[in-house]
Amino acid sequence: MKFEEAQKDMDFSYFGGGAGVLVSGMVWSLAGLVAILQSNQASMLTLFIGGMFIHPLAMLLAKSLKRPGNHNPKNPLGKLALESTVILFVGLFLAFYVAKLHVEWFYPIMLMAIGVRYLIFNTLYGAKIYWVLGGVLMLSGMFCILLGANFIIGAFIGGLTEIIFSLVILNKSKGLVLKTA
């Protein structure tokens, strides 16, 4: 499989990644809501537990939008997608540890970690919009720390940013047709 074919397979299969970005944005927003209604700790757990369901729910959403929801098993980019999840685990470790010292920094650290991971999605999907999304999330996380933002602000910034970008990504990918040889 050639590189461009691999990207097109990923793009078609996962609706440009937009399904996952949308589900992720909903998880971030839910975590922000939980912070308002419950506690900071419950909010952090919501992001962690909800994060485990992003990929399976995104696959279901892609399938409901008439896409396969999984890539060709011969697609070498599938490994990159899986390997890039290490960034999330490192980000979660740092965010949880730092939250013991400074709880307001949990979401900013997660924004930056998720932003870094999205930079890789340009390679996965061949869509430069992921550089923009990653940059917006990283800068948002930095500004939340520098400006001393309230705990929940980062959760809602992450949710709103991802939901807006997901709509752009889904719209871009909706006309894509995968040609099989």
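Since the structure is predicted, the reported quantities are computational estimates derived from the model, not experimental observations. (Residues numbered from 1 in each chain as written. Predicted model: local features only at pLDDT ≥ 70, side-chain atom pairs only at ≥ 80, totals over all residues. Heavy atoms only, no water.)

1. Describing a nonpolar patch on the surface
So, point 1. A contiguous nonpolar surface patch, about 670 Å² in accessible area, is contributed by Leu 45, Phe 48, Ile 49, Met 52, Phe 53, Leu 57 and Leu 60.
So, point 2. The set of elements that each furnish at least two residues to the nonpolar patch consists of α3 (40-52) and α4 (54-64).
So, point 3. Sorting elements by how many residues they give to the nonpolar patch places α3 first, with 4 residues.
So, point 4. Mapped onto the elements, Met 52 comes out in helix α3. (Patch = residues over 30% accessible without salt bridge, like charges linked within 9 Å, V, L, I, M, F, W, Y side chains within 5 Å. Areas by Shrake-Rupley, 256 points an atom, 1.4 Å probe, with all protein chains shown as cover. Salt bridge = Lys/Arg side-chain N within 4 Å of Asp/Glu carboxyl O. Helix = DSSP H or I, 4+ residues; strand = E, 2+ residues; numbered from the N terminus.)

2. Points about the pattern of salt bridges
Working definition: two side chains of opposite charge can pair if their charged atoms are close together.
So, point 1. What the rule picks out here adds up to 1 salt bridge.
So, point 2. One salt bridge in this structure joins Asp 11 and Lys 172, with 3.2 Å as the shortest N-O distance. You can see Asp 11 sitting in helix α1 (residues 3-13) and its partner Lys 172 sitting in helix α9 (residues 151-173), a full 161 residues away along the chain.
So, point 3. A relative accessible area of 44% places Lys 172 in the partly exposed class. (Buried < 20%, exposed > 50% of the residue type's maximum accessible area, 1.4 Å probe, protein only.)

3. With respect to the nonpolar core
So, point 1. Counting 44 residues, the largest nonpolar core has Phe 106 and Tyr 130 as its most contacted members.
So, point 2. With 10 residues, helix α7 (residues 106-125) is the largest single contributor of residues to this core.
So, point 3. Beyond its immediate stretch of four places on either side in the chain, Phe 106 contacts Met 44, Leu 47, Ala 95, Phe 96, Ala 99 and Phe 151. (Core = buried A, V, L, I, M, F, W, Y, C linked by side-chain atoms within 4.5 Å. Contact = heavy atoms within 4.5 Å.)

4. Topic: the environment of Ala 127
So, point 1. By secondary structure assignment, the location of Ala 127 is in the loop between α7 and α8 (129-146).
So, point 2. For Ala 127, a relative accessible area of 6% gives the class buried.
So, point 3. Along the sequence, Ala 127 and Pro 76 sit 51 residues apart, while their C-alpha atoms lie 17 Å from each other.
So, point 4. Apart from residues lying up to four places away in sequence, Ala 127 is in contact with Asn 122 and Lys 172.

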